[in-house]
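Below are the chains, spelled out letter by letter.
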Amino acid sequence: MIHDRPDPASRARLAAGWLALAGGSPAARAAGAELIARWAEPHRRYHTLTHLAAVLAAVDDLAGEAADPAAVRLAAWFHDAVYDGRPGWDEERSAQLAQARLPRCGVPPGRVAATARLVRLTAAHDTVAAGDRDGAVLCDADLAVLGRPGYDAYAADIRREYAHVPDDLFRQGRAQVLRRLLAAPRLYRTDRARELWEEPARANMTAELARLAEG
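Residues numbered from 1 in each chain as written. Predicted model: local features only at pLDDT ≥ 70, side-chain atom pairs only at ≥ 80, totals over all residues. Heavy atoms only, no water.

Another point: the overall build of the protein chain. Of regular secondary structure, the protein chain possesses 10 helices and zero strands. When the elements of the protein chain are put in sequence order from the N terminus, they spell out α-α-α-α-α-α-α-α-α-α. For 215 residues, the compact-globule estimate of 2.2 N^0.38 gives 17 Å, and the protein chain sits close to it at 17 Å. Projecting the C-alpha coordinates of the protein chain onto the three principal axes gives extents of approximately 55 × 40 × 30 Å. Buried positions account for 46% of the 215 residues belonging to the protein chain. Considering only contacts in the protein chain between residues 6 or more positions apart, those separated by 24 or more positions represent 66%. About 10400 Å² of surface is accessible on the protein chain, with carbon and sulfur atoms providing 56% of the total. For the protein chain, the distance from the average position of its 29 positive side-chain charges to the average position of its 29 negative side-chain charges is 4 Å. (Helix = DSSP H or I, 4+ residues; strand = E, 2+ residues; numbered from the N terminus. Rg over C-alpha atoms; globule rule 2.2 N^0.38 Å. Buried < 20%, exposed > 50% of the residue type's maximum accessible area, 1.4 Å probe, protein only. Contact = heavy atoms within 4.5 Å. Areas by Shrake-Rupley, 256 points an atom, 1.4 Å probe, with all protein chains shown as cover. Lys, Arg positive; Asp, Glu negative; His and termini not counted. Charge placed at Lys NZ, Arg CZ, Asp CG, Glu CD.)

In structure tokens:
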């Protein structure tokens, strides 16, 4: 599967979904075109339009658990809109992009602020506070890939995004990430996500850890 070049029909579905969410004003259309162009940047291997579509689909699965599903969907669109492979910095710049673009689309100030807050949360999923329903839905949707079919392709794409890192260092760093996730009492915060993805996610990560240990 080619993850960074989805077919035209997939792009059209994304564009239509954006317009349904943000409205059809010229500013909204321009913002949607910019976002799709950003997610299609050639240096991306995992954080691509395919990932965006998957996160949005996962948000749909979990929308009943969100307080403001529209803010969560907007945050999904923006959460890696700026992607230079700099954790923390990318999320901050993406949040700032949301704050700059959404008011022009007519999004109310409260929802703009909520969207930016959610985008910043994705820098560290374990910072979601108890009772933060929207944060839980967005972070669970972002991690849905761990428990969905296609995990091996996801892991390969992550490796390609870090192609500049030597194999030994990558294996060490990746293993640390996986162990930290597996050590959490619950990977997912929402009941629906746990029902859908918790068990297969743990099996997938455990299998990857074993492969990393083999070198």
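Our focus in this paragraph is the pattern of salt bridges. Under the criterion given, the structure shown has 16 salt bridges. Between Arg117 and Asp132 there is a salt bridge, with its nearest N and O atoms 2.8 Å apart. Of this pair, Arg117 sits in helix H6 (residues 109-121) while Asp132 sits in the loop between H6 and helix H7 (133-142), and the two are 15 residues apart along the sequence. Residue class for Arg117 comes out partly exposed when judged on its relative accessible area of 39%. Overall, Asp132 belongs to the buried group, its relative accessible area being 14%. Residues joined by salt bridges that share partners form a network here, namely Glu34, Arg38 and Arg101. (Salt bridge = Lys/Arg side-chain N within 4 Å of Asp/Glu carboxyl O.)

Take the environment of Ala114 next. Structurally, Ala114 is set in helix H6. Classification of Ala114 by relative accessible area gives partly exposed; the value is 23%. Expressed as a C-alpha distance, the spacing of Ala114 and Arg171, which sit 57 residues apart in the sequence, is 36 Å.

Before going further, it helps to examine the packing of helix H3 (residues 49-62) against helix H4 (residues 69-78). Helix-helix packing is characterised by the crossing angle of the two axes and by the distance between the axes. At a minimum axis distance of 9 Å, the contact between H3 and H4 shows a crossing angle of 165°. On the basis of their axis angle, the class for H3 and H4 is roughly antiparallel. Classified by chirality, the crossing of H4 by H3 is right-handed. Mapping the contact onto sequence places Leu52, Val55, Leu56, Val59 and Asp60 in H3 and Val72, Arg73, Ala76 and Trp77 in H4. Residue classes in the contact of H3 with H4 are distributed as seven nonpolar, no polar and two charged. (Axes fitted to C-alpha atoms, helices over the stretch in contact; angles between N-to-C directions. Parallel < 35°, antiparallel > 145°, perpendicular 65-115°, else oblique. Left-handed = near helix turned anticlockwise from the far one by under 90°. Nonpolar A, V, L, I, M, F, W, Y, C, P; charged D, E, K, R; others polar.)

Turning to the layout of surface pockets, a few remarks are in order. Estimated volume of the largest pocket: approximately 1200 Å³. Every residue lining the largest pocket is counted, 38 residues in all, and those nearest its centre are His125, Leu143, Val177, Arg180 and Leu181. Per-element accounting of the lining of the largest pocket gives the leading share, seven residues, to helix H9 (residues 167-183). Its residues placed into classes, the lining of the largest pocket shows 20 nonpolar, seven polar and 11 charged. (1 Å grid on protein atoms, 1.4 Å probe; cavity = no way out; pocket = protein on both sides within 12 Å on 5 of 7 lines; lining within 4 Å. Points joined across faces, edges and corners; volume = space filled by probe spheres on them.)

Next up on the list: the packing of aromatic side chains. Counted under the stated rule, the structure contains six aromatic pairs. Where Trp18 meets Trp77, the ring centres are 5.2 Å apart and the plane angle is 65°; that geometry is what we call edge-to-face. Separated by 59 residues along the polypeptide, Trp18 in helix H1 (residues 8-22) and Trp77 in helix H4 bring together distant segments of the chain. For Trp77, a relative accessible area of 2% corresponds to the buried category. Relative to Phe170, the ring of Tyr162 has its centre 6.4 Å away and its plane inclined at 40°; by these criteria the two rings are tilted. A cation over a ring is seen here: Arg44 above Trp39, with NZ or CZ 5.2 Å from the ring centre. The ring of Phe170 carries Arg159 above its face, with NZ or CZ at 4.3 Å from the centroid. (Phe/Tyr/Trp six-rings, centres within 6.5 Å; stacked < 30°, edge-to-face > 60°. Lys NZ or Arg CZ within 6 Å of the ring centre and 35° of its normal.)

Attention shifts here to the nonpolar core. Of all hydrophobic cores here, the largest spans 64 residues; its most connected members are Trp18, Trp77, Phe78 and Leu146. In contact with Trp18, other than residues within four places in its own chain, are Gly23, Ala28, Ala31, Gly32, Leu35, Leu74, Trp77, Phe78, Leu102 and Cys105. (Core = buried A, V, L, I, M, F, W, Y, C linked by side-chain atoms within 4.5 Å.)

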